[in-house]
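Architecture and fold: a report
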Amino acid sequence: MNWIPLQRRRDPAGTHGRSVVLQNLATLVPPERGLAHFRNVYLSNIRATGAKTAFDVSATPQNPLEDFHFDNLTIDAQSAGKVANAKNWTLTGVTIHAADGSQLTFTDSSGITLKDDSGIAPKEQP
């Protein structure tokens, strides 16, 4: 949720004219310069395999991730992961197969709805 201000320089510290995006990724933007808002996001019909983590999502208490809808997702991952500062999320037909047997956790979140057998199961071993 930390946004990157647009900056380009001719040759900052010997980068030979490349963008300083990597440098900006390590620089936090003060809240008075603006906060990112994500809301009304819809993702559906996704199959992911070989993921390290199914969900690694966090926002701020002042700007939670609002009104996300996930429909028909199947994720095979090493770990289920976590979501923090989410509000009004609906997961319909979402299955996470975590090799480590972990379950998706929500912290500092509200209005989380699981529908149509959304859940998590340990990854089946052959």
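All values reported here derive from a predicted model rather than from experimental measurement. (Residues numbered from 1 in each chain as written. Predicted model: local features only at pLDDT ≥ 70, side-chain atom pairs only at ≥ 80, totals over all residues. Heavy atoms only, no water.)

Counting its regular elements, the protein chain contains 1 helix and 6 strands. The order of α-helices and β-strands along the protein chain, N terminus first, is α-β-β-β-β-β-β. The contacts in the protein chain between residues at least 6 apart in sequence include a share of 51% that link residues at least 24 apart. (Helix = DSSP H or I, 4+ residues; strand = E, 2+ residues; numbered from the N terminus. Contact = heavy atoms within 4.5 Å.)

Within soluble globular proteins, side chains that are nonpolar generally end up buried alongside one another. One finds Phe55, Phe70, Trp89 and Leu104 to be the most contacted residues of the largest nonpolar core, which totals 18 residues. Discounting chain neighbours no more than four positions away, the residues touching Phe70 are Leu43, Phe55, Trp89, Thr90, Leu91, Thr92 and Val94. (Core = buried A, V, L, I, M, F, W, Y, C linked by side-chain atoms within 4.5 Å. Buried < 20%, exposed > 50% of the residue type's maximum accessible area, 1.4 Å probe, protein only.)

Take the packing of aromatic side chains next. Under the counting rule described, the total for this entry stands at 5 aromatic pairs. Ring centres of Phe70 and Trp89 lie 5.2 Å apart, and the angle between their planes is 50 degrees; this geometry places the pair in the tilted category. In this pair, Phe70 is assigned in strand S2 (residues 65-84) and Trp89 in strand S3 (residues 86-98), connecting sequence segments 19 residues apart. Among the residues examined, Phe70 registers a relative accessible area of 4% and is labelled buried. Following the ring pairs from residue to residue traces out a cluster consisting of Phe55, Phe68, Phe70, Trp89 and Phe106. (Phe/Tyr/Trp six-rings, centres within 6.5 Å; stacked < 30°, edge-to-face > 60°.)

Our next topic: the side chain of Glu66. Note that Glu66 resides in strand S2. One buried charged residue, Glu66, remains without a salt bridge, the closest side chain of opposite sign being Arg39 at 4.1 Å. Excluding residues that lie within four positions of it along the chain, Glu66 makes contacts with Phe38, Arg39, Asn40 and Lys87. (Lys, Arg positive; Asp, Glu negative; His and termini not counted. Salt bridge = Lys/Arg side-chain N within 4 Å of Asp/Glu carboxyl O.)

Attention shifts here to the pattern of salt bridges. All chains considered together, the criterion is met by 1 salt bridge. The shortest N-O distance in the salt bridge between Asp76 and Arg47 comes to 3.1 Å. Residue Asp76 is found in strand S2, and its partner Arg47 is found in strand S1 (residues 39-58); the two are separated by 29 residues along the sequence. A relative accessible area of 52% places Arg47 in the exposed class.

Below, the discussion takes up the pairing of S3. Pairing between S2 and S3: 10 bridges, direction parallel. Its bridge partner lying in S3, Asp76 is registered against His97. Where S3 and strand S5 (residues 110-115) come together, 5 bridges link them in parallel fashion. What sits directly across from Lys87, in S5, is Ser110. (Pairing = 2+ DSSP bridges.)

It is worth stressing that arrangement in space is one thing and function is another; only the former is reported here.
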